[in-house]
Amino acid sequence: MIDRGVEAIKRAWHRDLVADPATHAWVLSLYRAGELYPDTVDDYFPVAHAPWPWLAEALARHRDDERRHGGMFARAVKLSGHAVEDFAGDDVFNHVIRAQTPTRWRVDDRDGPDARRLALAHFLAHAHHLELRVSRSLEMHLEACEQGRAAVAAKVVSAVLADEHRHIGYTRDAVRELVGDAAARAVMAHHRRAEARADLVFSSRQVARFLARFEARATPSRKALYRMCAAMQGLAARAV
Ligand SMILES: [Fe+2]
Ligand SMILES: [Fe+2]
């Protein structure tokens, strides 16, 4: 019931963001920051530690997809006549989900084969849940772009989503292949919990950021609705 209410508010939020070119450029820049995050760290896409050629190829393709997505979002912003913004820290979803994830996955060269597989499984489970969250957000954003006749952004988001769906599939399958069904269930549950907490923390922060920056662009009733939604998400984050 509460989840459906929050989802309805999020859909309205995306429609409002798309309706104003300045706020639309802001949210497209936020998506871009997530796409660029892997190149700011040294423990994403550990291609050299994949035990099978198919997984090494999938990881390398995934890494290249995210770089390409960053460029696609940047072009969509520029075509709207606005400047691309850079974001870091708590404004990047990857950063937030990592802050909510107790486990690290960096492979140590001294690790044996089993430890390497477990580390890789943790990275892939992290990526899987991150992709699920990004896809949920992009699906709502695409719907808003289509309704708001934002054709350029709709085309970009649609193409990105097709790749994200592929990322969701291979990361899930690879975790099972790497560590077996029982361990995969535990690893996936660990990262599912991190994603649930991070989703609430990130969403409530971005609503607050929106209201601080674009307050004059929202109607009083919408502002009240968004404040209520952010407060609910903030409370829920503490309970997850
Ligand atoms: Fe992406
Ligand atoms: Fe992706």
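Look a little higher up for the structure.
Report follows, based on the coordinates. (Residues numbered from 1 in each chain as written. Chains lettered and ligands numbered in written order. Predicted model: local features only at pLDDT ≥ 70, side-chain atom pairs only at ≥ 80, totals over all residues. Heavy atoms only, no water.)

1. Description of the coordination of the iron ion (ligand 2)
Here the iron ion (ligand 2) is held by the protein donor atoms Glu66 (OE), Glu131 (OE), Glu131 (OE), Glu164 (OE) and His167 (ND1), which lie 1.9 to 2.4 Å from it. A spacing of 3.5 Å is found between the iron ion (ligand 2) and the iron ion (ligand 1), which share Glu66 as a donor. Of this pair, Glu131 sits in helix 5 (residues 113–147) while His167 sits in helix 6 (residues 151–179), and the two are 36 residues apart along the sequence. Across this residue pair, the class does not change: Glu131 and His167 are buried. (Donors = N, O, S within 2.8 Å, 3.2 Å for Na, K, Ca; no water. Helix = DSSP H or I, 4+ residues; strand = E, 2+ residues; numbered from the N terminus. Buried < 20%, exposed > 50% of the residue type's maximum accessible area, 1.4 Å probe, protein only.)

2. Observations regarding the coordination of the iron ion (ligand 1)
Taken together, the protein donors to the iron ion (ligand 1) comprise Glu35 (OE), Glu35 (OE), Glu66 (OE), His69 (ND1) and Glu164 (OE), at separations of 2.0 to 2.5 Å. Spacing between the donor residues of the iron ion (ligand 1) along the chain follows E-x30-E-x2-H-x94-E. Owing to a relative accessible area of 0%, His69 belongs among the buried residues under this scheme.

3. Section: the pattern of salt bridges
For the structure on display, the rule yields 25 salt bridges. Taking the shortest distance from any N to any O, the salt bridge between Asp43 and Arg98 comes out at 2.6 Å. One end of the pair, Asp43, is in the loop between helix 2 (21–36) and helix 3 (53–79); the other, Arg98, is in helix 4 (residues 93–99), with 55 residues separating them in the sequence. Of the two residues, Asp43 and Arg98, both sit in the buried class. The salt bridge involving Arg136 is made with Asp199; its shortest N-O contact spans 3.9 Å. You can see Arg136 sitting in helix 5 and its partner Asp199 sitting in helix 7 (residues 181–214), a full 63 residues away along the chain. A residue is classified by how much of its surface remains accessible, and Asp199, at 12% relative accessible area, is buried. Connected through shared salt-bridge partners, Lys10, Arg133, Arg136, Glu195 and Asp199 make up one network. (Salt bridge = Lys/Arg side-chain N within 4 Å of Asp/Glu carboxyl O.)

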